Amino acid sequence: MLKPIILEGQKILREKSQKIDNFQEKEFKTIIKNLRGTLKKTKNGIGLAAQQIGANQRIFVIDAELAKKLKIPDVFINPIITKKSFRKEKLEEGCLSVPEIYGFVKRYRQVTVEARDENNNKFILTTKGLLSQIIQHEIDHLNGILFIDKATQTHNIKPEI
Ligand code: CO
């Protein structure tokens, strides 16, 4: 189902979200379905955290095409970064909850993330580039952090990616 994306200024985006314990609950499955449906309908979205559709749960999804291309799950549940590179890089980003604002954020160049898929299977990924950036951005959401908290050189011109 298509859900309205919650915009900056709403309290839920600033809350630390809850860990998932029960992978059988109907509500849990509904959140995943809504996340997928809502992300797909966005114009340029490549990641969406549960808080952004009003669910205070540790779940995010990434673009289904990207996940398919990389042969990884598109749903990350209870994700934890277990390793990060010493090096950081300054990358341009935006957020569906902060429309028409873009900025540069220092992100770890490489991170290893441990998460569960929707069937409670554990997976571990070591990522760099765009995927690493998405994962760091989405895990920030789950902790109530928005990219504008960290961004420099914020501007209104959309990056050409
Ligand atoms: Co965002």
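See the structure above.
Each chain carries its own residue numbering, running from 1 in the direction its sequence is written. Side-chain atom pairs in this predicted model are given and counted only at pLDDT of 80 or more, local residue features only at pLDDT of at least 70, and totals for whole chains, interfaces and linings cover all residues. The basis for the side-chain values is all heavy atoms of the structure; hydrogens and waters are excluded.

Peer 1: Looking at this structure, I do not really get the coordination of the cobalt ion. What am I missing?
Peer 2: In this analysis a donor is any N, O or S atom within 2.8 Å of a metal ion (3.2 Å for sodium, potassium and calcium), and since water is not included, sites may seem incomplete. Bound to the cobalt ion are the protein donor atoms Cys95 (SG), His137 (NE2) and His141 (NE2), situated 2.1 to 2.3 Å from the metal. Sequence positions of the donors to the cobalt ion reduce to the motif C-x41-H-x3-H. Of this pair, Cys95 sits in strand β4 (residues 88-95) while His137 is found in helix α3 (residues 129-142), placing the two residues 42 residues apart along the sequence. Residue Cys95 shares its accessibility class with His137, and that shared class is buried. Secondary structure elements are defined from DSSP: runs of H or I of at least 4 residues count as helices, runs of E of at least 2 residues count as strands, and each element is numbered from the N terminus. Using a 1.4 Å probe on the protein chains alone, a residue whose accessible area is under 20% of its type maximum counts as buried, one over 50% counts as exposed, and one in between counts as partly exposed.

Peer 1: Is there a simple way to explain the side chain of Gln57 in this structure?
Peer 2: Summarising the element assignment, Gln57 is placed in the loop between β1 (47-49) and β2 (59-62). The exposure class of Gln57 is buried, given its relative accessible area of 19%. Here, residues are in contact when the closest pair of their heavy atoms is within 4.5 Å. Excluding its chain neighbours within four sequence positions, the residues that come into contact with Gln57 are Ser17, Gln18, Ile20, Ile31, Ala50, Gln51 and Leu142.

Peer 1: What should I look at first to understand the side chain of Asp74 in this one?
Peer 2: Looking at where Asp74 falls in the secondary structure, it is placed in the loop between α2 (64-70) and β3 (75-84). Separated by 2.8 Å, the side chains of Asp74 and Arg36 make a polar contact. Those residues in contact with Asp74 that lie beyond four places of it in its chain are Arg36, Phe60, Val61, Ile62, Ala64 and Ala67. Counting of polar contacts relies on pairs of N or O atoms within 3.5 Å, with two restrictions inside protein: one atom must be capable of donating a hydrogen and the other of accepting it, and residues adjacent in sequence are counted only when both atoms are side-chain atoms.

Peer 1: Teacher, can you tell me more about the nonpolar core here?
Peer 2: Among the buried residues, those of types Ala, Val, Leu, Ile, Met, Phe, Trp, Tyr and Cys that are joined through side-chain atoms within 4.5 Å form a nonpolar core. With 16 residues, the main nonpolar core has Phe60, Ile62, Ile72, Phe76, Val113, Leu125 and Ile135 as its most contacted residues. Of all the secondary-structure elements, those providing two or more residues to this core are β2, α2, β6 (110-116), β7 (122-128) and α3. Counting residues per element, this core draws most heavily on α3, which supplies five residues. Beyond its immediate sequence surroundings of up to four residues, Leu125 is in contact with Ile72, Phe76, Val111, Thr112 and Val113. One finds Ala55, Ile59, Val61 and Val75 within the second-largest nonpolar core, a separate group that totals 15 residues.

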